[in-house]
Amino acid sequence: MKLLIIQPSSYQSKHDLEPYKTRKRNVVGLTLPYLAALTPKGWNIELIDQQLQDIDFQSRPDLVAITTWTINSLSAYEIADRFKARGIPVIMGGPHTYFFAEEAAKHCDAVGIGEGEKIWPKMLEDASRGHLQTFYHAEKSLDLKNLPFPRYDLMDFNKYSHFRTFAIQSSRGCPFRCDFCSERYFLGKKYRYRPVAEVIEELKYNGVKNILFADSTFAGKRSHTMELLEALIPLNVRWSALWSSNLCRDQHFLDLAKRSGLLHVNIGLESINRQTLDGMNKKINKINYYKEIVSNLRKRGISYSVNFVFGYDTEDESIYDKTIAFLRQNKVPAAYFNILTPHKGTPLYDRLQKEGRIIDHDNIGRWPGLLCYFKPTNYTPMTLENNIKRMYREFYSFRSIIDRLGFPIREADIASWIINFSQRKMFRSDSENFDQY
């Protein structure tokens, strides 16, 4: 039986309902090859990344499986509808279906809810017999031992850059409880990690040298991560990850991370306002340590970027200029400025919904862009959007880039320059395209 597994692209914008396309990707995503690895024998598998490939809607697979996030859910529904109209069964899963299972069921024959390892084989078995259920629930969090290795043999690497990076999972879930984050729900409320030996075996098996640890929070358990870092040293790899700010004050951890091949780390600073951090339930972030954090990274030659979220009731319009000033004073190499978004399932969503402050329930997270979906307390949604766009323009101006980075002389400097020019390219697009980012 032929199985077509599709990762949809998002639409270009609200005004351009064509799939967003690129010639190549830099990162080899995990979802498609991992679903292929979970597939029992007897299926002829084809993987389609719509951002890189066109979908042949005239093909006749025995089953279409679509993995979706909310950002590409509308595109996913269109794909599902077109195959179903030709009598081809369609199943759907992914983070989006965890919160929108009933909605997704209107466009497909079966919906997977939760982690795929326990329900994917059952869905395929039922599909092969022509007896799909409407919903499949993964009731318990999965033990991450003995996970299969991704089926990279099914990937067309001509569609990826020469210096491609491979996404790897070393853990799942998150030990923190941030007010605005929904990942801990669809990834399982319990933080779990893979055995170090199995992660290393996977890296050796695939022979990859450039790694992105695609964990919600890398190093959620310090002792396990220290063991992993020691094991990475002989492999001579270069790796990137996202971790919490408190680790940047741990001298021993940073030294070992650097020795093991750390190239870039992304850190959720989130805000320079203490009240805002309290409202986020981001207790682990301490503003008085921010300068120490960036100093520790800089002196080790570690490329890093930081995330900020704007829109909490504790902020007035001065927060934007104050944040830019902090970044410039500390010569932070790269930053991402995000609009607070009330994702379904989060405490933030429940609170704003109760207060009647959500603007457009149906479209939250559906469209690419810097878009505000709620009514801030101290300014209008448009004011918030415009200030975020201004921050990107100012922070990624040529003058700002040169003042913060200087000239690239180390590997970390080069990585930071690449990120800066990537972000600059995005905001230098025309106004409609800029809204996508």
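The model shown is predicted, which means the values in this text are computed figures rather than measured ones. (Residues numbered from 1 in each chain as written. Predicted model: local features only at pLDDT ≥ 70, side-chain atom pairs only at ≥ 80, totals over all residues. Heavy atoms only, no water.)

(A) Spotlight on the pairing of strand S6 (residues 63-67). Burial of S6 is extensive: five of the five residues sit out of reach of the surface. Where burial is concerned, the two faces of S6 agree: the one with Leu63, Ala65 and Thr67 and the one with Val64 and Ile66 are both buried. By the bridge criterion, four bridges tie strand S1 (residues 2-7) to S6 in an arrangement that is parallel. The residue bridging Ile6 from the neighbouring strand is Ile66, located in S6. Examined bridge by bridge, S6 and strand S7 (residues 90-93) share four bridges and lie parallel to one another. Counted as the bridge partner of Ile66 is Met92 from S7. (Buried < 20%, exposed > 50% of the residue type's maximum accessible area, 1.4 Å probe, protein only. Helix = DSSP H or I, 4+ residues; strand = E, 2+ residues; numbered from the N terminus. Pairing = 2+ DSSP bridges.)

(B) Fine view of the sheet that holds strand S8 (residues 110-113). Spatially, S5-S1-S6-S7-S8-S9 is the arrangement adopted by the six strands of the open sheet, whose pairing is parallel. The sheet is open, and its two edges are formed by strand S5 (44-49) and strand S9 (135-137), each paired on a single side. Adjacent strand axes in the sheet meet at a mean angle of 20°, parallel and antiparallel pairs treated alike. The strands that helix H2 (residues 73-84) touches are S1, S6 and S7; relative to S7, the one it contacts most, it runs at about 165°. (Axes fitted to C-alpha atoms, helices over the stretch in contact; angles between N-to-C directions. Contact = heavy atoms within 4.5 Å.)

(C) Region of interest: a nonpolar patch on the surface. A cluster of nonpolar residues, Phe398, Ile402 and Phe421, forms a patch on the protein surface that exposes about 280 Å² of accessible area. Following the sequence through the fold, Phe398 ends up in helix H15 (residues 398-405). The class of Phe398 is partly exposed, set by a relative accessible area of 44%. (Patch = residues over 30% accessible without salt bridge, like charges linked within 9 Å, V, L, I, M, F, W, Y side chains within 5 Å. Areas by Shrake-Rupley, 256 points an atom, 1.4 Å probe, with all protein chains shown as cover. Salt bridge = Lys/Arg side-chain N within 4 Å of Asp/Glu carboxyl O.)

(D) Region of interest: the environment of Leu269. Position of Leu269 among the secondary structure elements: in strand S15 (residues 262-270). Given the relative accessible area of 2%, Leu269 is considered buried. Each C-alpha atom, one on Leu269 and one on Leu47, is 36 Å from the other, the two residues being 222 residues apart in sequence. Here Leu269 is in contact with Ser245, Leu277, Asn285, Tyr290, Val306, Asn307, Phe308 and Phe326, once residues within four sequence places are set aside.

(E) Looking closely at the sheet that holds strand S17 (residues 335-339). Read from one edge of the open sheet, seven strands run S4-S10-S13-S14-S15-S16-S17, paired in parallel fashion. Both edges of this open sheet fall to strand S4 (25-28) and S17, since each of them pairs with a single strand only. Averaged over neighbouring strand pairs, the angle between their axes works out to 20° when direction is ignored. Taken together, the five bridges between strand S16 (residues 303-310) and S17 define a ladder with parallel strand orientation. The residue bridging Phe308 from the neighbouring strand is Phe337, located in S17.

(F) Structural detail: the nonpolar core. Counting residues in each nonpolar core, the largest one holds 107 residues, and the members touching the most others are Phe213, Leu232, Trp239, Trp243, Phe337 and Ile388. If near-sequence neighbours (up to four positions away) are discounted, Trp243 is found in contact with Phe218, Cys248, Phe253, Leu254, Ala257, Leu262, Val265, Asn266, Ile267 and Gly268. Counting residues in hydrophobic clusters, the runner-up holds 21 residues, among them Ile55, Ala76, Ala101 and Ala104. (Core = buried A, V, L, I, M, F, W, Y, C linked by side-chain atoms within 4.5 Å.)

(G) The arrangement of unusual backbone geometry in detail. Although it is not a glycine, Ala219 sits at a positive phi angle of roughly 70°. Its place among the elements puts Ala219 in the loop between strand S13 (210-213) and helix H8 (222-232). Its relative accessible area of 9% is what places Ala219 among the buried residues. The phi torsion at Lys331 lies on the positive side, around 50°, for a residue other than glycine. In this fold, Lys331 is placed in the loop between helix H12 (318-329) and S17.

Nothing here speaks to function; it is all geometry.
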